[in-house]
Each structure stands twice: as C-alpha cells, then as structure tokens.
Amino acid sequence: MNMPGGSRKNSGFTLLEVLIVLLIFALVMTVVYPSLSRVFDVQFKSSTRILAGTVQYAFNQAAMQKNYVRLHYNIDTNEYWITTLTETGEFLEDPLSIIGRTQLPVGVRFEDVVTLHAGKIDEGETTTMFLPTGMAEPSVIHIASESGEVFTLIVKPLSGRCEILEGYIDLEGMEQTP
C-alpha cells in the first residue's frame, strides 16, 4: 500500500526529531527545575515548623490535662503522633485530638532523635515525654531533606518550645553552648 507523498518503510523517529524533542525538554527543565526546588525547600521548612508546633501542642496538652503525653517518632516510616496516658495505664492516641498521625512529606525524613531516656535513635521508634507538671523531656530532633539540608529542633524542657537551627547540631554541642 502506498502512502500519499511516497512510502516510508520505517515509521520511527529520525535523529533530528529526537534531538529537537530533547532540546525542548532541556529548555523546559531549565525553567521548571528552579521552581520545583523552591517548592521542595518550602515544603521542608514548613514540615519543620509543623513538627515544632506539634511539640508545643503536646506540651500544652500535658499541662492543661494534668496528664502524661508522649510525642512518638517512627524514624523508619517518617511518621509522628501524640498519645496520652489513659486510666488503664496505656498510652493511646486520642481520637478527638486535632493532631493525628502525621507523615513527613516526600523528600523529608527524620535523620535521628536524641532523648534523655533513649539516647540517639536513628531507626525504629522513640518518644519525647511531656509531664503533667509542665515539663518536657529535653530532646533533639534532626530532620533532613533529599538535597542534604538538615534542621535541628531542640525541645526546651521548661517551655516546650522548639528552637530551630540550620544544620546538624549534636547533643554534645548543645550541652556546651551557654
């Protein structure tokens, strides 16, 4: 069967067509990539601030309810959640809490969590304890992005607030600062 305008045995792309498509793709990526990296950077900073707010929320819940509250971190799945001590002596998630299990966004992960009771944990689960007396267990939380950027969240025991610092600050370094 003859095609109009001549016959073409191979219906694939020519080298020139492939090169033109690659050139267009490269031009689009040079415009789009900086915007995408800014989106991931905003997402990383935002998730760090949300975690700091969750720490403050857990501190406030413990003080207001006069009860023990834990902030759990699953370093393997990059999740965190709050549990409260029940009358039966178990720590359970509160179904009425405004903060449920939270997954860190894609490209953001827990590097490690350092607490007084468990030390440095870089896999599995650990917790930060909040006491009914209005105290928080001193903790250091390291969050990293795929690009290698790291934030250090330092949980202040008397206020429950998080100090957010750029870079990886280890516990020994924190103890030496005035």
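Look up a bit, the structure's there.
Sequence positions are assigned chain by chain, starting from 1 and proceeding in written order. In view of the model being predicted, local features appear only for residues whose pLDDT reaches at least 70, and side-chain atom pairs are presented and counted only at 80 or more, with totals across whole chains, interfaces and linings using the full set of residues. Excluding hydrogens and water, the side-chain figures rest on all heavy atoms present in the structure.

J.: For this particular structure, what's the right way to read the sheet that holds strand E11 (residues 162-166)?
T.: Whether parallel or antiparallel, the strands of a sheet pair through hydrogen bonds between backbone atoms. DSSP-based pairing: two strands are paired if at least 2 bridges between them are found. Strands are runs of DSSP state E lasting at least 2 residues, helices are runs of H or I lasting at least 4, and numbering of each runs from the N terminus. Read across the open sheet, the 5 strands follow the order E6-E5-E9-E10-E11; overall the sheet is antiparallel. Of all the strands in the sheet, just strand E6 (119-121) and E11 have a single pairing partner and so form its edges. Between one strand axis and the next, the sheet turns by 20° as a mean value, whatever way the strands run. As a rule, the C-alpha atoms of each element are fitted with a line to give its axis, helices using only the stretch in contact, and angles between N-to-C directions run from 0 to 180 degrees.

J.: Quick question: what am I supposed to make of the nonpolar core here?
T.: Taken as a class, soluble globular proteins show a tendency for nonpolar side chains to be buried jointly. We call a set of buried Ala, Val, Leu, Ile, Met, Phe, Trp, Tyr and Cys residues a nonpolar core when their side-chain atoms join them within 4.5 Å. Exposure is judged per residue with a 1.4 Å probe applied to protein chains only, and the accessible area is read against the type maximum: over 50% gives exposed, under 20% gives buried, and values in between give partly exposed. Within the largest apolar cluster, 28 residues are counted, with the highest numbers of intra-cluster contacts made by Leu51, Leu71, Phe110, Phe130, Ile141 and Ile143. Looking at this core element by element, the count peaks at 8 residues for helix H1 (residues 15-65). Contacts are assigned to residue pairs with any non-hydrogen atoms lying within 4.5 Å of each other. Those residues in contact with Ile141, other than ones at most four positions away along the chain, are Leu51, Val55, Tyr73, Phe110, Asp112, Val113, Phe151, Thr152, Leu153 and Val155.

J.: How should I be thinking about the side chain of Thr127 in this particular structure?
T.: Relative to the elements of secondary structure, Thr127 occurs in strand E7 (residues 125-131). Take Thr127: its relative accessible area is 12%, and that puts it in the buried class.

J.: Help me understand a negative patch on the surface in this model?
T.: By definition, no residue in a patch forms a salt bridge, and every one has over 30% relative accessible area; like charges are joined within 9 Å, nonpolar side chains (Val, Leu, Ile, Met, Phe, Trp, Tyr) within 5 Å. The protein chains shown are the only cover counted for residues, whose accessible areas, like all others here, come from Shrake-Rupley with a 1.4 Å probe. What makes a salt bridge here is a side-chain nitrogen of Lys or Arg within 4 Å of a carboxyl oxygen of Asp or Glu, nothing more. Note that His is not counted, nor are the chain ends; the positive residues are Lys and Arg, and the negative ones are Asp and Glu. Charged side chains are reduced to one point each, which is NZ for Lys, CZ for Arg, CG for Asp and CD for Glu. On the surface, a cluster of negative charge is made up of Asp76, Asp122, Glu123 and Glu125. If you trace the backbone, Glu123 turns up in the loop between E6 and E7. Since its relative accessible area comes to 57%, Glu123 is described here as exposed.

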